[in-house]
Amino acid sequence: MPVEDVLTRGRQGGLVRRLGGVDLVGFGIGIIIGTGVFTLAGIEAKQHAGPAVVLSFVIGGVVAALAALCYAELTSAVPTAGSAYTYAYATVGELLAWIIGWDLLLEFALGAAVVSRSWSGYVSNLLGLPPELFGEDAPVNIGAMVIIAVLTAVAVSGIRESAWVTNALVVVKVAVCVLVIVAGLFFVRGANLVPFVPPAQPAAEGAGPMEQPLVEVLLGMEQSAYGFGGVLTAAAIVFFAYTGFEALANLGEETRRPRRDLPVGLLGSLAVCTLLYVAVALVLTAMADYRQIDEGAPLAAAFQAVGLPWVAALIALGAITGLTSVMMVELVTIGRIGFAMSRDGLLPRKLSQVHPRWGTPHRMTIGGALVIMLLAGFVPIAELADMVSIGALSGFFIVTLAVPVLRARRPDLERPFRVPLSPWLPVLAALLCLYLMSNLNVITWLRFGAWLVLGLVIYFGYGRRRSRLAVG
(Lines give C-alpha, C1' and ligand atoms only; values in the text may rest on other atoms or scores of the structure.)
Protein backbone atom coordinates (compact mmCIF):
# COMPACT_ATOMS: atom_id res chain seq x y z
CA MET A 1 0.00 0.00 0.00
CA PRO A 2 1.41 3.45 -0.87
CA VAL A 3 2.59 5.51 2.07
CA GLU A 4 0.32 8.38 0.96
CA ASP A 5 -2.72 6.13 1.44
CA VAL A 6 -1.57 5.27 4.95
CA LEU A 7 -1.13 8.93 5.84
CA THR A 8 -4.53 9.78 4.33
CA ARG A 9 -6.20 7.17 6.48
CA GLY A 10 -4.47 8.66 9.49
CA ARG A 11 -5.83 12.11 8.73
CA GLN A 12 -9.35 10.82 8.08
CA GLY A 13 -9.54 8.07 10.71
CA GLY A 14 -11.69 9.97 13.21
CA LEU A 15 -9.45 9.63 16.26
CA VAL A 16 -8.95 12.84 18.24
CA ARG A 17 -5.48 14.38 18.73
CA ARG A 18 -5.25 15.10 22.47
CA LEU A 19 -1.87 13.77 23.63
CA GLY A 20 1.45 15.56 24.12
CA GLY A 21 5.00 14.39 24.77
CA VAL A 22 4.57 14.19 28.55
CA ASP A 23 1.45 12.07 28.13
CA LEU A 24 3.33 9.68 25.85
CA VAL A 25 6.23 9.30 28.27
CA GLY A 26 3.67 8.59 30.99
CA PHE A 27 1.97 5.97 28.84
CA GLY A 28 5.35 4.41 28.06
CA ILE A 29 6.45 4.18 31.68
CA GLY A 30 2.93 3.05 32.56
CA ILE A 31 3.13 -0.09 30.46
CA ILE A 32 6.87 -0.83 30.71
CA ILE A 33 7.23 -0.79 34.50
CA GLY A 34 5.18 -3.63 35.88
CA THR A 35 5.77 -7.36 35.95
CA GLY A 36 9.42 -6.92 35.00
CA VAL A 37 10.43 -4.94 38.06
CA PHE A 38 8.08 -6.51 40.59
CA THR A 39 8.38 -10.17 39.58
CA LEU A 40 10.65 -11.13 36.68
CA ALA A 41 13.86 -9.72 38.15
CA GLY A 42 13.71 -12.12 41.09
CA ILE A 43 12.46 -15.12 39.13
CA GLU A 44 15.13 -14.88 36.44
CA ALA A 45 17.91 -14.26 38.97
CA LYS A 46 16.94 -17.46 40.77
CA GLN A 47 16.26 -19.64 37.73
CA HIS A 48 18.73 -18.57 35.07
CA ALA A 49 21.16 -15.71 35.68
CA GLY A 50 21.94 -15.09 39.35
CA PRO A 51 23.11 -11.52 40.07
CA ALA A 52 23.95 -11.23 36.35
CA VAL A 53 20.23 -10.72 35.75
CA VAL A 54 21.38 -7.10 35.79
CA LEU A 55 23.23 -7.84 32.53
CA SER A 56 20.09 -9.52 31.20
CA PHE A 57 18.17 -6.29 31.73
CA VAL A 58 20.97 -4.31 30.08
CA ILE A 59 20.97 -6.63 27.04
CA GLY A 60 17.19 -6.47 26.80
CA GLY A 61 17.30 -2.70 27.13
CA VAL A 62 19.93 -2.33 24.38
CA VAL A 63 17.92 -4.45 21.94
CA ALA A 64 14.75 -2.55 22.86
CA ALA A 65 16.55 0.78 22.36
CA LEU A 66 17.73 -0.22 18.88
CA ALA A 67 14.20 -1.26 17.98
CA ALA A 68 12.86 1.97 19.49
CA LEU A 69 15.12 4.02 17.21
CA CYS A 70 13.53 2.26 14.24
CA TYR A 71 10.07 2.85 15.67
CA ALA A 72 10.94 6.52 16.18
CA GLU A 73 11.85 6.99 12.51
CA LEU A 74 8.75 5.21 11.27
CA THR A 75 6.37 6.93 13.68
CA SER A 76 7.74 10.35 12.77
CA ALA A 77 7.36 9.59 9.04
CA VAL A 78 4.10 7.59 9.19
CA PRO A 79 2.19 8.79 12.30
CA THR A 80 -0.88 6.56 12.22
CA ALA A 81 -2.58 3.97 14.41
CA GLY A 82 -1.51 0.34 14.13
CA SER A 83 2.18 0.46 15.03
CA ALA A 84 4.26 -2.31 13.44
CA TYR A 85 1.21 -3.55 11.56
CA THR A 86 0.82 -0.24 9.70
CA TYR A 87 4.54 0.04 8.98
CA ALA A 88 4.58 -3.46 7.50
CA TYR A 89 1.49 -2.63 5.42
CA ALA A 90 3.21 0.44 4.00
CA THR A 91 6.52 -1.30 3.23
CA VAL A 92 6.41 -5.08 2.81
CA GLY A 93 2.79 -5.89 1.97
CA GLU A 94 -0.53 -7.08 3.31
CA LEU A 95 0.28 -10.70 4.22
CA LEU A 96 3.28 -9.84 6.38
CA ALA A 97 1.34 -6.94 7.88
CA TRP A 98 -1.45 -9.33 8.87
CA ILE A 99 1.03 -11.69 10.53
CA ILE A 100 2.53 -8.82 12.54
CA GLY A 101 -0.89 -7.48 13.55
CA TRP A 102 -1.97 -10.98 14.57
CA ASP A 103 1.21 -11.32 16.68
CA LEU A 104 0.62 -7.97 18.33
CA LEU A 105 -2.94 -8.90 19.30
CA LEU A 106 -1.55 -12.07 20.87
CA GLU A 107 1.16 -10.15 22.70
CA PHE A 108 -1.07 -7.53 24.26
CA ALA A 109 -4.10 -9.74 24.96
CA LEU A 110 -2.03 -12.45 26.61
CA GLY A 111 0.05 -9.85 28.43
CA ALA A 112 -3.06 -8.15 29.84
CA ALA A 113 -4.47 -11.51 30.98
CA VAL A 114 -1.22 -12.49 32.71
CA VAL A 115 -0.92 -9.12 34.42
CA SER A 116 -4.56 -9.12 35.55
CA ARG A 117 -4.07 -12.49 37.29
CA SER A 118 -0.93 -11.18 38.96
CA TRP A 119 -2.82 -8.04 40.03
CA SER A 120 -5.54 -10.21 41.55
CA GLY A 121 -2.98 -12.13 43.59
CA TYR A 122 -1.32 -8.97 44.93
CA VAL A 123 -4.68 -7.49 45.94
CA SER A 124 -5.62 -10.73 47.70
CA ASN A 125 -2.37 -10.74 49.66
CA LEU A 126 -2.56 -7.07 50.60
CA LEU A 127 -6.22 -6.99 51.63
CA GLY A 128 -6.71 -10.59 52.77
CA LEU A 129 -9.38 -11.33 50.16
CA PRO A 130 -10.68 -14.90 49.67
CA PRO A 131 -8.33 -17.04 47.54
CA GLU A 132 -11.39 -18.78 46.07
CA LEU A 133 -12.07 -15.59 44.08
CA PHE A 134 -8.64 -13.96 43.78
CA GLY A 135 -5.23 -15.36 42.82
CA GLU A 136 -3.87 -18.26 40.80
CA ASP A 137 -5.64 -20.98 42.77
CA ALA A 138 -9.13 -19.58 42.20
CA PRO A 139 -11.32 -21.77 39.94
CA VAL A 140 -12.64 -18.57 38.39
CA ASN A 141 -10.41 -15.56 38.96
CA ILE A 142 -13.08 -12.97 39.65
CA GLY A 143 -10.57 -10.32 40.65
CA ALA A 144 -8.77 -10.51 37.29
CA MET A 145 -12.04 -10.27 35.36
CA VAL A 146 -13.35 -7.34 37.41
CA ILE A 147 -10.22 -5.20 36.99
CA ILE A 148 -10.26 -5.76 33.21
CA ALA A 149 -13.92 -4.70 33.09
CA VAL A 150 -13.28 -1.53 35.11
CA LEU A 151 -10.24 -0.49 33.07
CA THR A 152 -12.07 -1.19 29.82
CA ALA A 153 -14.69 1.37 30.84
CA VAL A 154 -11.92 3.93 31.35
CA ALA A 155 -10.22 3.05 28.06
CA VAL A 156 -13.49 3.41 26.14
CA SER A 157 -14.44 6.71 27.79
CA GLY A 158 -11.61 8.61 26.08
CA ILE A 159 -7.88 8.66 25.42
CA ARG A 160 -7.36 11.76 27.54
CA GLU A 161 -9.08 10.12 30.50
CA SER A 162 -6.92 7.03 29.99
CA ALA A 163 -3.83 9.23 30.04
CA TRP A 164 -4.87 10.90 33.31
CA VAL A 165 -5.39 7.55 35.03
CA THR A 166 -2.13 6.14 33.65
CA ASN A 167 -0.03 9.18 34.62
CA ALA A 168 -1.40 9.13 38.18
CA LEU A 169 -0.49 5.46 38.55
CA VAL A 170 2.95 6.07 37.06
CA VAL A 171 3.79 8.64 39.74
CA VAL A 172 3.01 6.10 42.47
CA LYS A 173 4.98 3.19 41.08
CA VAL A 174 8.03 5.24 40.10
CA ALA A 175 8.10 6.58 43.67
CA VAL A 176 7.97 2.99 44.97
CA CYS A 177 10.86 1.99 42.67
CA VAL A 178 12.94 4.89 43.99
CA LEU A 179 12.07 3.85 47.56
CA VAL A 180 13.23 0.28 46.84
CA ILE A 181 16.55 1.53 45.49
CA VAL A 182 17.25 4.02 48.30
CA ALA A 183 16.09 1.81 51.19
CA GLY A 184 17.74 -1.29 49.74
CA LEU A 185 21.16 0.35 49.60
CA PHE A 186 21.35 0.15 53.41
CA PHE A 187 21.08 -3.66 53.28
CA VAL A 188 23.43 -4.45 50.40
CA ARG A 189 25.85 -7.33 51.01
CA GLY A 190 28.73 -7.64 48.57
CA ALA A 191 28.96 -11.39 49.18
CA ASN A 192 25.56 -11.86 47.52
CA LEU A 193 26.99 -10.57 44.24
CA VAL A 194 29.81 -13.15 44.12
CA PRO A 195 30.01 -14.85 41.71
CA PHE A 196 28.28 -12.25 39.61
CA VAL A 197 27.80 -14.74 36.76
CA PRO A 198 27.25 -18.13 38.44
CA PRO A 199 29.06 -20.98 36.63
CA ALA A 200 26.95 -23.03 34.25
CA GLN A 201 25.48 -26.20 35.66
CA PRO A 202 23.11 -28.93 34.44
CA ALA A 203 19.45 -27.99 34.30
CA ALA A 204 17.20 -28.88 37.19
CA GLU A 205 16.03 -32.47 37.36
CA GLY A 206 12.72 -32.98 35.59
CA ALA A 207 13.28 -30.25 32.98
CA GLY A 208 12.28 -31.75 29.63
CA PRO A 209 13.53 -30.95 26.13
CA MET A 210 10.46 -28.78 25.48
CA GLU A 211 11.76 -26.34 28.13
CA GLN A 212 15.20 -26.12 26.51
CA PRO A 213 16.09 -22.95 24.57
CA LEU A 214 15.78 -23.44 20.82
CA VAL A 215 19.37 -22.37 20.16
CA GLU A 216 20.67 -25.13 22.47
CA VAL A 217 18.57 -27.71 20.64
CA LEU A 218 19.78 -26.54 17.22
CA LEU A 219 23.43 -26.61 18.33
CA GLY A 220 23.09 -29.95 20.11
CA MET A 221 24.06 -28.46 23.46
CA GLU A 222 23.30 -29.99 26.84
CA GLN A 223 20.50 -28.25 28.72
CA SER A 224 21.97 -26.06 31.45
CA ALA A 225 21.30 -23.15 33.78
CA TYR A 226 23.37 -20.09 34.72
CA GLY A 227 26.58 -19.15 32.93
CA PHE A 228 26.42 -16.72 30.02
CA GLY A 229 23.82 -18.90 28.34
CA GLY A 230 21.60 -18.38 31.36
CA VAL A 231 22.12 -14.63 31.11
CA LEU A 232 20.93 -14.70 27.48
CA THR A 233 17.94 -16.90 28.33
CA ALA A 234 16.99 -14.48 31.08
CA ALA A 235 17.45 -11.56 28.65
CA ALA A 236 14.99 -13.17 26.22
CA ILE A 237 12.44 -13.62 29.00
CA VAL A 238 12.84 -10.23 30.70
CA PHE A 239 12.49 -8.63 27.28
CA PHE A 240 8.79 -9.03 28.10
CA ALA A 241 9.36 -6.17 30.52
CA TYR A 242 10.37 -3.77 27.73
CA THR A 243 7.79 -4.60 25.10
CA GLY A 244 5.32 -1.96 26.19
CA PHE A 245 7.09 0.95 24.51
CA GLU A 246 5.68 -0.08 21.13
CA ALA A 247 2.22 0.72 22.46
CA LEU A 248 3.10 4.39 21.98
CA ALA A 249 3.43 3.87 18.23
CA ASN A 250 -0.30 3.07 18.16
CA LEU A 251 -1.15 6.57 19.38
CA GLY A 252 0.14 8.46 16.32
CA GLU A 253 -3.35 9.59 15.29
CA GLU A 254 -4.11 10.85 18.80
CA THR A 255 -0.88 12.84 19.30
CA ARG A 256 -0.94 16.58 18.73
CA ARG A 257 2.58 16.80 17.23
CA PRO A 258 3.43 13.19 16.34
CA ARG A 259 6.62 13.94 14.39
CA ARG A 260 8.21 15.44 17.49
CA ASP A 261 6.35 13.91 20.43
CA LEU A 262 6.38 10.24 19.37
CA PRO A 263 10.20 9.92 19.28
CA VAL A 264 10.37 11.75 22.62
CA GLY A 265 7.82 9.39 24.14
CA LEU A 266 9.46 6.23 22.78
CA LEU A 267 13.06 6.97 23.70
CA GLY A 268 12.32 8.90 26.89
CA SER A 269 10.16 6.26 28.52
CA LEU A 270 12.54 3.48 27.53
CA ALA A 271 15.56 5.30 29.00
CA VAL A 272 13.82 5.94 32.33
CA CYS A 273 12.58 2.37 32.64
CA THR A 274 15.92 0.76 31.76
CA LEU A 275 17.68 2.73 34.49
CA LEU A 276 15.04 1.75 37.05
CA TYR A 277 15.11 -1.93 36.03
CA VAL A 278 18.88 -2.19 36.31
CA ALA A 279 19.01 -0.37 39.65
CA VAL A 280 16.20 -2.42 41.22
CA ALA A 281 17.66 -5.73 39.97
CA LEU A 282 21.08 -4.82 41.37
CA VAL A 283 19.66 -3.87 44.77
CA LEU A 284 17.52 -7.02 44.95
CA THR A 285 20.37 -9.43 44.18
CA ALA A 286 22.67 -7.57 46.55
CA MET A 287 20.13 -7.79 49.39
CA ALA A 288 19.26 -11.47 49.01
CA ASP A 289 21.11 -14.62 47.95
CA TYR A 290 19.78 -15.29 44.46
CA ARG A 291 19.25 -18.96 45.33
CA GLN A 292 16.87 -17.99 48.15
CA ILE A 293 14.82 -15.32 46.36
CA ASP A 294 11.06 -15.71 46.77
CA GLU A 295 9.52 -16.15 43.32
CA GLY A 296 6.04 -15.03 44.31
CA ALA A 297 6.92 -11.56 45.63
CA PRO A 298 10.71 -11.11 45.34
CA LEU A 299 11.00 -7.48 46.41
CA ALA A 300 8.48 -7.62 49.24
CA ALA A 301 10.03 -10.81 50.65
CA ALA A 302 13.52 -9.29 50.52
CA PHE A 303 12.46 -6.34 52.67
CA GLN A 304 10.49 -8.53 55.07
CA ALA A 305 13.64 -10.61 55.55
CA VAL A 306 15.63 -7.54 56.65
CA GLY A 307 12.93 -6.36 59.08
CA LEU A 308 11.19 -3.68 57.02
CA PRO A 309 7.60 -4.91 56.62
CA TRP A 310 6.32 -1.38 55.99
CA VAL A 311 8.50 -1.17 52.88
CA ALA A 312 7.14 -4.56 51.80
CA ALA A 313 3.59 -3.19 52.15
CA LEU A 314 4.46 -0.15 50.04
CA ILE A 315 5.99 -2.44 47.41
CA ALA A 316 2.72 -4.39 47.27
CA LEU A 317 0.87 -1.10 46.76
CA GLY A 318 3.35 -0.12 44.04
CA ALA A 319 2.90 -3.50 42.37
CA ILE A 320 -0.87 -3.06 42.31
CA THR A 321 -0.66 0.42 40.79
CA GLY A 322 2.09 -0.67 38.40
CA LEU A 323 0.16 -3.64 37.10
CA THR A 324 -2.99 -1.52 36.81
CA SER A 325 -1.28 0.97 34.52
CA VAL A 326 0.15 -1.86 32.40
CA MET A 327 -3.34 -3.26 31.81
CA MET A 328 -4.67 0.21 31.07
CA VAL A 329 -2.19 0.81 28.26
CA GLU A 330 -2.54 -2.72 26.89
CA LEU A 331 -6.30 -2.30 26.56
CA VAL A 332 -5.81 1.03 24.78
CA THR A 333 -3.26 -0.56 22.46
CA ILE A 334 -5.42 -3.55 21.51
CA GLY A 335 -8.18 -1.15 20.49
CA ARG A 336 -5.84 0.80 18.20
CA ILE A 337 -4.25 -2.25 16.55
CA GLY A 338 -7.66 -3.80 15.87
CA PHE A 339 -8.92 -0.41 14.66
CA ALA A 340 -6.16 -0.25 12.03
CA MET A 341 -6.65 -3.87 10.89
CA SER A 342 -10.42 -3.44 10.69
CA ARG A 343 -10.09 -0.21 8.73
CA ASP A 344 -8.12 -2.18 6.14
CA GLY A 345 -10.82 -4.85 5.96
CA LEU A 346 -8.72 -7.64 7.46
CA LEU A 347 -11.10 -7.74 10.42
CA PRO A 348 -14.83 -6.86 10.28
CA ARG A 349 -15.13 -3.18 9.39
CA LYS A 350 -17.63 -2.47 12.17
CA LEU A 351 -14.77 -2.85 14.65
CA SER A 352 -13.15 0.32 13.24
CA GLN A 353 -16.11 2.55 14.04
CA VAL A 354 -15.21 5.39 16.42
CA HIS A 355 -17.60 6.37 19.21
CA PRO A 356 -19.22 9.72 18.27
CA ARG A 357 -18.83 11.18 21.76
CA TRP A 358 -15.68 9.61 23.22
CA GLY A 359 -13.61 9.41 20.03
CA THR A 360 -12.33 5.89 20.77
CA PRO A 361 -12.58 2.57 18.85
CA HIS A 362 -15.02 1.27 21.46
CA ARG A 363 -16.17 -1.89 19.70
CA MET A 364 -12.67 -3.28 19.20
CA THR A 365 -11.64 -2.31 22.74
CA ILE A 366 -14.67 -4.00 24.29
CA GLY A 367 -14.35 -7.07 22.08
CA GLY A 368 -10.68 -7.49 22.97
CA ALA A 369 -11.48 -7.00 26.66
CA LEU A 370 -14.06 -9.80 26.59
CA VAL A 371 -11.47 -12.22 25.22
CA ILE A 372 -8.96 -11.08 27.86
CA MET A 373 -11.54 -11.54 30.63
CA LEU A 374 -12.16 -15.13 29.55
CA LEU A 375 -8.44 -15.88 29.52
CA ALA A 376 -7.86 -14.14 32.84
CA GLY A 377 -10.81 -15.73 34.56
CA PHE A 378 -10.58 -19.33 33.45
CA VAL A 379 -7.12 -20.14 32.06
CA PRO A 380 -3.94 -20.43 34.17
CA ILE A 381 -1.65 -18.89 31.59
CA ALA A 382 1.58 -18.35 33.51
CA GLU A 383 3.27 -21.00 31.34
CA LEU A 384 2.39 -18.97 28.22
CA ALA A 385 4.06 -15.74 29.40
CA ASP A 386 7.08 -16.35 27.13
CA MET A 387 4.75 -15.95 24.15
CA VAL A 388 4.46 -12.26 24.95
CA SER A 389 8.19 -11.92 24.32
CA ILE A 390 8.23 -13.97 21.12
CA GLY A 391 5.27 -12.03 19.73
CA ALA A 392 6.96 -8.71 20.47
CA LEU A 393 10.35 -9.77 19.12
CA SER A 394 8.83 -10.99 15.87
CA GLY A 395 7.15 -7.61 15.46
CA PHE A 396 10.35 -5.75 16.25
CA PHE A 397 12.20 -7.90 13.70
CA ILE A 398 9.87 -6.67 10.94
CA VAL A 399 9.96 -3.05 12.10
CA THR A 400 13.75 -2.89 12.11
CA LEU A 401 13.88 -4.21 8.54
CA ALA A 402 11.08 -1.85 7.46
CA VAL A 403 13.35 1.18 8.00
CA PRO A 404 15.89 0.43 5.20
CA VAL A 405 13.09 -0.93 2.97
CA LEU A 406 11.07 2.29 3.24
CA ARG A 407 14.20 4.41 2.72
CA ALA A 408 14.95 2.52 -0.49
CA ARG A 409 11.38 2.74 -1.77
CA ARG A 410 10.65 6.30 -0.66
CA PRO A 411 13.86 8.30 -0.21
CA ASP A 412 11.83 11.49 -0.70
CA LEU A 413 9.58 10.90 2.32
CA GLU A 414 10.04 13.46 5.11
CA ARG A 415 11.70 11.89 8.17
CA PRO A 416 11.97 14.32 11.11
CA PHE A 417 13.81 11.59 13.03
CA ARG A 418 16.33 9.35 11.25
CA VAL A 419 18.00 6.20 12.58
CA PRO A 420 21.79 6.70 12.51
CA LEU A 421 24.02 4.32 10.54
CA SER A 422 21.17 2.89 8.47
CA PRO A 423 20.96 0.21 7.13
CA TRP A 424 23.62 -1.30 9.40
CA LEU A 425 22.06 -0.44 12.74
CA PRO A 426 18.53 -1.62 11.78
CA VAL A 427 19.97 -4.89 10.41
CA LEU A 428 21.94 -5.38 13.63
CA ALA A 429 18.76 -4.77 15.64
CA ALA A 430 16.91 -7.37 13.52
CA LEU A 431 19.63 -9.97 14.08
CA LEU A 432 19.64 -9.32 17.83
CA CYS A 433 15.85 -9.72 17.98
CA LEU A 434 16.14 -13.02 16.12
CA TYR A 435 18.89 -14.22 18.45
CA LEU A 436 16.89 -13.39 21.56
CA MET A 437 13.96 -15.29 20.09
CA SER A 438 16.20 -18.32 19.65
CA ASN A 439 16.87 -18.30 23.40
CA LEU A 440 13.20 -18.95 24.17
CA ASN A 441 12.24 -22.55 24.75
CA VAL A 442 10.96 -25.06 22.21
CA ILE A 443 7.40 -25.23 23.54
CA THR A 444 7.08 -21.45 23.14
CA TRP A 445 8.09 -21.75 19.48
CA LEU A 446 5.57 -24.55 18.93
CA ARG A 447 2.75 -22.52 20.48
CA PHE A 448 3.80 -19.50 18.46
CA GLY A 449 3.72 -21.60 15.29
CA ALA A 450 0.20 -22.81 16.10
CA TRP A 451 -0.96 -19.21 16.60
CA LEU A 452 0.55 -18.21 13.24
CA VAL A 453 -1.20 -21.10 11.48
CA LEU A 454 -4.53 -20.03 12.97
CA GLY A 455 -3.87 -16.47 11.82
CA LEU A 456 -3.09 -17.58 8.26
CA VAL A 457 -6.31 -19.61 8.13
CA ILE A 458 -8.29 -16.49 9.13
CA TYR A 459 -6.41 -14.31 6.64
CA PHE A 460 -6.89 -16.58 3.63
CA GLY A 461 -10.42 -17.54 4.66
CA TYR A 462 -11.68 -14.02 5.44
CA GLY A 463 -9.32 -11.05 5.36
CA ARG A 464 -7.69 -11.52 1.96
CA ARG A 465 -11.01 -11.41 0.09
CA ARG A 466 -12.42 -8.48 2.05
CA SER A 467 -9.36 -6.27 2.50
CA ARG A 468 -9.01 -2.76 1.17
CA LEU A 469 -6.59 -4.00 -1.50
CA ALA A 470 -8.94 -6.77 -2.66
CA VAL A 471 -12.04 -4.60 -3.01
CA GLY A 472 -10.17 -1.57 -4.30
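Enquirer: Which residues make up the overall build of the protein, and what are the values?
Expert: For the protein, the helix and strand inventory stands at 18 helices and two strands. A buried classification covers 60% of the 472 residues belonging to the protein. Residue pairs at least 24 apart in sequence account for 83% of intrachain contacts in the protein once pairs closer than 6 positions are excluded. As displayed, the protein offers around 17500 Å² of accessible surface, 69% of which is attributable to carbon and sulfur atoms.

Enquirer: Any chance you could break down the environment of Phe186 for me, citing the residues and the numbers?
Expert: Relative to the elements of secondary structure, Phe186 occurs in the loop between helix H8 (159-184) and strand S1 (201-202). Considering only alpha carbons, one finds Phe186 and Met287, 101 residues apart in sequence, at a separation of 9.0 Å.

Enquirer: Describe the pattern of salt bridges, and please don't skip the residues or the numbers.
Expert: Going through the model one piece at a time under the given rule, you end up with three salt bridges. The salt bridge partner of Glu73 is Arg407, with a shortest N-O separation of 2.8 Å. Taken together, the residues span a long stretch of sequence, with Glu73 in helix H4 (residues 53-77) and Arg407 in helix H15 (residues 386-409) at a distance of 334 residues. We classify Arg407 as buried; its relative accessible area is 18%.

Enquirer: Requested: an account of the packing of aromatic side chains, with residues and values cited.
Expert: Counted according to the given criterion, the structure contains ten aromatic pairs. Relative to Tyr277, the ring of Tyr242 has its centre 5.3 Å away and its plane inclined at 85 degrees; by these criteria the two rings are edge-to-face. Of this pair, Tyr242 sits in the loop between helix H10 (227-238) and helix H11 (258-287) while Tyr277 sits in helix H11, and the two are 35 residues apart along the sequence. Grouping residues by exposure puts Tyr242 and Tyr277 together as buried. Between Tyr459 and Phe460, the ring centres sit 5.0 Å apart and the planes meet at 75 degrees, which makes this aromatic pair edge-to-face. By relative accessible area, which is 5% here, Tyr459 ends up buried. Taking relative accessible area as the criterion, Phe460 reaches 41% and is therefore assigned partly exposed. An aromatic cluster of at least three residues, connected via ring pairs, comprises Trp98, Trp102, Trp451, Tyr459 and Phe460.

Enquirer: Got a sec to walk through the packing of H4 against helix H16 (residues 424-438)? Specific residues and values, please.
Expert: Two numbers describe how H4 lies on H16: the axes approach to 9 Å, and their chain directions differ by 135 degrees. For the element pair H4 / H16, the angle class is oblique. The element H4 and its partner H16 pack so that their crossing is left-handed. On H16, the residues that touch Val63, Leu66, Ala67, Leu69 and Cys70 of H4 are Leu425, Pro426, Ala429, Leu432, Cys433 and Leu436. Among the residues making up the contact of H4 with H16, the classes are represented as eleven nonpolar, no polar and no charged.

Enquirer: Give me the lowdown on helix H12 (residues 298-305), citing residues and values where you can.
Expert: Looking only at H12, the buried set comprises Pro298, Leu299, Ala300, Ala302 and Phe303. Downstream of H12 by a residue or two, Gly307 has a phi angle that is positive, lying close to 85 degrees.

Enquirer: I'd like a rundown of the state of the cysteines, residues and numbers included.
Expert: Using the criterion set out here, one finds zero disulfides in the structure. For the unlinked cysteine Cys177, the closest cysteine sulfur is that of Cys273, found at 8.6 Å. Of all cysteine sulfurs in the structure, the one in Cys70 sits closest to Cys433, which takes part in no disulfide; the separation is 8.5 Å.

Enquirer: Give a detailed account of the nonpolar core, specifying residues and quantitative values.
Expert: Counting 137 residues, the largest nonpolar core has Phe38, Phe57, Phe245, Phe303, Ile315, Ile372 and Phe396 as the members making the most contacts within it. In terms of residue count, helix H6 (residues 94-127) provides more of this core than any other element does, 17 residues in total. The residues touching Phe303, leaving out its near neighbours within four places in the chain, are Val180, Ala183, Gly184, Met287, Leu308, Pro309, Val311, Ala312 and Ile315.

Enquirer: Outline the packing of H4 against H10, supporting the account with residue identities and numerical values.
Expert: Put simply, H4 and H10 touch, their axes get as near as 8 Å, and they point 55 degrees apart. Accordingly, the angle class assigned to the pair H4 and H10 is oblique. Considering only the axes of H4 and H10, their crossing is right-handed. Counting all contacts with H4, which are made through Leu55, Ser56, Phe57 and Ile59, the residues of H10 involved are Val231, Leu232, Ala234, Ala235 and Val238.

Enquirer: Which residues make up the confidence of the model for the protein, and what values go with them?
Expert: In the predicted model, the protein carries a mean pLDDT of 81, and 86% of its residues have values of at least 70. Element-level mean pLDDT values for the protein span from 49 in helix H1 (residues 3-12) up to 93 in H16.

Enquirer: Can you lay out the environment of Val170 for me, pointing to particular residues and giving the numbers?
Expert: The residue Val170 is located in helix H8 in this model. For Val170, a relative accessible area of 8% puts it in the buried group. With 142 residues separating them along the chain, Val170 and Gly28 place their C-alpha atoms 9.5 Å apart.

Enquirer: Let's hear about a nonpolar patch on the surface: which residues, and what values?
Expert: Residues Leu126, Leu127, Val172, Trp310, Leu314 and Leu317 make up a contiguous nonpolar surface patch of roughly 530 Å² in combined accessible area. At the level of elements, H6 and helix H13 (309-343) are the ones that each hand at least two residues to the nonpolar patch. With three residues, the single largest contributor to the nonpolar patch is H13.

Definitions and cut-offs
Residues numbered from 1 in each chain as written. Predicted model: local features only at pLDDT ≥ 70, side-chain atom pairs only at ≥ 80, totals over all residues. Heavy atoms only, no water. Helix = DSSP H or I, 4+ residues; strand = E, 2+ residues; numbered from the N terminus. Buried < 20%, exposed > 50% of the residue type's maximum accessible area, 1.4 Å probe, protein only. Contact = heavy atoms within 4.5 Å. Areas by Shrake-Rupley, 256 points an atom, 1.4 Å probe, with all protein chains shown as cover. Salt bridge = Lys/Arg side-chain N within 4 Å of Asp/Glu carboxyl O. Phe/Tyr/Trp six-rings, centres within 6.5 Å; stacked < 30°, edge-to-face > 60°. Axes fitted to C-alpha atoms, helices over the stretch in contact; angles between N-to-C directions. Parallel < 35°, antiparallel > 145°, perpendicular 65-115°, else oblique. Left-handed = near helix turned anticlockwise from the far one by under 90°. Nonpolar A, V, L, I, M, F, W, Y, C, P; charged D, E, K, R; others polar. Disulfide = S-S within 2.5 Å. Core = buried A, V, L, I, M, F, W, Y, C linked by side-chain atoms within 4.5 Å. pLDDT = per-residue confidence, 0-100. Patch = residues over 30% accessible without salt bridge, like charges linked within 9 Å, V, L, I, M, F, W, Y side chains within 5 Å.

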